[in-house]
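Overview (structure and organization)
Next come the chains, spelled out residue by residue.
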Amino acid sequence: MKRNLLSVAALLFGTLFLFMGNGLQGILLPVRGNLEGYGTTTLGLLGTSWAGGFVIGCLVAPKIVRRVGHVRAFSGFISIIAIIALVSGIIIDPIWWVVLRAVTGFSTAGTSMIIESWLNERASNESRGAIFSLYIGITLIGVVGGQMMIPLEDVRTPVLFMICGIFYCIAMLPTTLSTAASPQPLKAVRLDLPALYRNSPVSCLGILLVGIANGAYGTLGAVFGAGAGLSDTSIAVMMSATIFAGAVMQLPAGRLSDRIDRRYVLAAMSGIAALAGLLIFLLHPTSPALLIGLVVLYGAVANTLYPIAVAHANDFAASEDFVKVSGGLLLLYGIGTVIGPTLSGPVMSAITPHALFLVTAIAHVLITVYAIIRSRIRAAVPASDRDAYTTIPTGTSAILTPQSMSLADRGAGKPPEAGKSPESDDPAVKFG
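Below, the structure is looked at part by part. (Residues numbered from 1 in each chain as written. Predicted model: local features only at pLDDT ≥ 70, side-chain atom pairs only at ≥ 80, totals over all residues. Heavy atoms only, no water.)

Two elements in contact, helix H2 (residues 9–35) and helix H4 (residues 70–90), have axes separated by 12 Å at closest approach and are oriented at 30°. Accordingly, the angle class assigned to the pair H2 and H4 is roughly parallel. As for how H2 packs across H4, the hand of that crossing is left-handed. Across from Leu-18, Gln-25 and Leu-29 in H2, the residues of H4 making contact are Ile-78, Ile-84, Ala-85 and Ser-88. Residues of the contact of H2 with H4, tallied by class, amount to five nonpolar, two polar and no charged. (Axes fitted to C-alpha atoms, helices over the stretch in contact; angles between N-to-C directions. Helix = DSSP H or I, 4+ residues; strand = E, 2+ residues; numbered from the N terminus. Parallel < 35°, antiparallel > 145°, perpendicular 65-115°, else oblique. Left-handed = near helix turned anticlockwise from the far one by under 90°. Contact = heavy atoms within 4.5 Å. Nonpolar A, V, L, I, M, F, W, Y, C, P; charged D, E, K, R; others polar.)

This paragraph deals with the packing of aromatic side chains. Following the criterion strictly, the structure yields eleven aromatic pairs and no others. Seen in terms of ring centroids, Trp-97 and Phe-161 are 6.2 Å apart; in terms of plane orientation they differ by 45°. Their pairing is tilted. With Trp-97 in helix H5 (residues 94–122) and Phe-161 in helix H7 (residues 159–176), this pair connects stretches of sequence that are 64 residues apart. Residue Trp-97 is classed as buried on the basis of its relative accessible area of 2%. (Phe/Tyr/Trp six-rings, centres within 6.5 Å; stacked < 30°, edge-to-face > 60°. Buried < 20%, exposed > 50% of the residue type's maximum accessible area, 1.4 Å probe, protein only.)

Residue His-284 is not a glycine yet carries a positive backbone phi of 50°. The topology assignment puts His-284 in the loop between helix H11 (262–283) and helix H12 (288–302).

On to the side chain of Thr-139, then. Here Thr-139 is to be found in helix H6 (residues 128–147). Among the polar contacts listed, one links the side chain of Thr-139 to the backbone oxygen of Ile-136, at a separation of 2.6 Å. (Polar contact = N/O pair within 3.5 Å; in protein donor to acceptor, adjacent residues only side chain to side chain.)

Looking now at a nonpolar patch on the surface. The grouping of Leu-275, Leu-278, Leu-279, Leu-282 and Leu-283 at the surface amounts to a nonpolar patch, some 460 Å² of accessible area in total. Counting through the fold element by element, Leu-283 comes out in helix H11. (Patch = residues over 30% accessible without salt bridge, like charges linked within 9 Å, V, L, I, M, F, W, Y side chains within 5 Å. Areas by Shrake-Rupley, 256 points an atom, 1.4 Å probe, with all protein chains shown as cover. Salt bridge = Lys/Arg side-chain N within 4 Å of Asp/Glu carboxyl O.)

Turning our eyes to something else, we now look at the nonpolar core. Membership of the largest hydrophobic core comes to 104 residues, with the highest contact counts inside it found for Phe-224 and Tyr-306. With 13 residues, helix H9 (residues 201–227) is the single largest residue contributor to this core. Phe-224 has contacts with Met-238, Ile-280, Leu-291, Val-295, Met-348, Pro-353, His-354, Leu-356 and Phe-357, leaving out every residue within four places of it along the chain. With six residues, the next largest nonpolar core counts Ala-51, Phe-54, Cys-58 and Ala-109 among its residues. (Core = buried A, V, L, I, M, F, W, Y, C linked by side-chain atoms within 4.5 Å.)

Considering the arrangement of structural elements, one finds Tyr-264 in helix H11. Each residue touching Tyr-264, except ones within four places of it in the same chain, is listed here: Ser-375 and Arg-376. Within the structure, the side chain of Tyr-264 is placed 3.5 Å from the side chain of Arg-376, a separation counted as a polar contact.

The terminal C-alpha atoms of H7, which comprises 18 residues, lie 26 Å apart, in line with the 26 Å expected from a rise of 1.5 Å per residue. Inspection of H7 places Leu-160, Phe-161, Cys-164, Gly-165, Phe-167, Tyr-168, Ala-171, Met-172, Pro-174 and Thr-175 among the buried residues, and these make up the whole buried set. Of the surrounding elements, those touching the buried residues of H7 are H2, H4 and H5. (Expected span 1.5 Å × (residues − 1).)

Put into structure tokens, the structure is as follows:
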């Protein structure tokens, strides 16, 4: 175990700086754009374009990596991200930012897939779970660390954009200087919506709605904070505390879902998120402490929904299909993150910045209602036969790729069912 962890220490160090850059740039652009007077619709398009680029990257990047190799592809992707971060601090223009953000999302998918496949190659069946958990922790720490740098410098200057570029360049070093052999070619994952829905209707629709809510908040949360009168420091605290609260809440929520019908837990957590969102929208809290407290409550429960939905889908899947199912759901989540900011921006412009949480509340109410309806139609899987809950971070700057699901200790080392290869031809689950 110790040897396996040491073998990926440098790669994980680079990953930390990659996500620090992602976290800083993800909050810096909307905060600076808001100061420049860009409308919430325009700022919402920043998240839409990033998520759209990320989804396309998950589909296309494996072909690029197979063509030029892991190291060259990684260097190319991360160089593009660093250049865009620097250019964004020089060219202050909303159209350019939206276009460049899509390229950043595409390249981020490529860099993340390469890192995740590299970690997967170095992991043994015994260390896979530990490496996956460590990787998740590093992504969360990186995003929060990047966000918390906002108060350190005036966002009106290009300094923070330059710091993003530095973070990305540091992230490039461990992989480009490594003498280790490159991992096996990346595997593409094709999204099959009918198969996803047949496997688990609640997970299919629920994850799409979670993507809409999380994409809206992840992109426009900082804009909401500015519109609500919070300082840059308070906005950074709010965004970071939301992530931490979600990370802390995942374990108790996951353990509860391992013991009772996951759809009940999904419905309850969605209901609380909807209530918190409605309170923010209706009350318009003027106290920063109360406002941040309600947002943190929202984040604590909202960030548990995705991994619970994935675990519920895997309850109905064969062990050799976990990666296929989870990979397809990740892409479906990405589609939701494209829709969320696109819807929320105009709504916030038409009503108030607080209407961001009206959009998230509607999404969470729909999840609650549908989960309860489906629990009356389909029996739950017995607790003894359920897949183990796995913590998975979700957010605009920290969406994992389908490659990451190979790291999760799900069916690792288990032989496929008799008569089936690991790449099952079962028509119920086909994701490439």
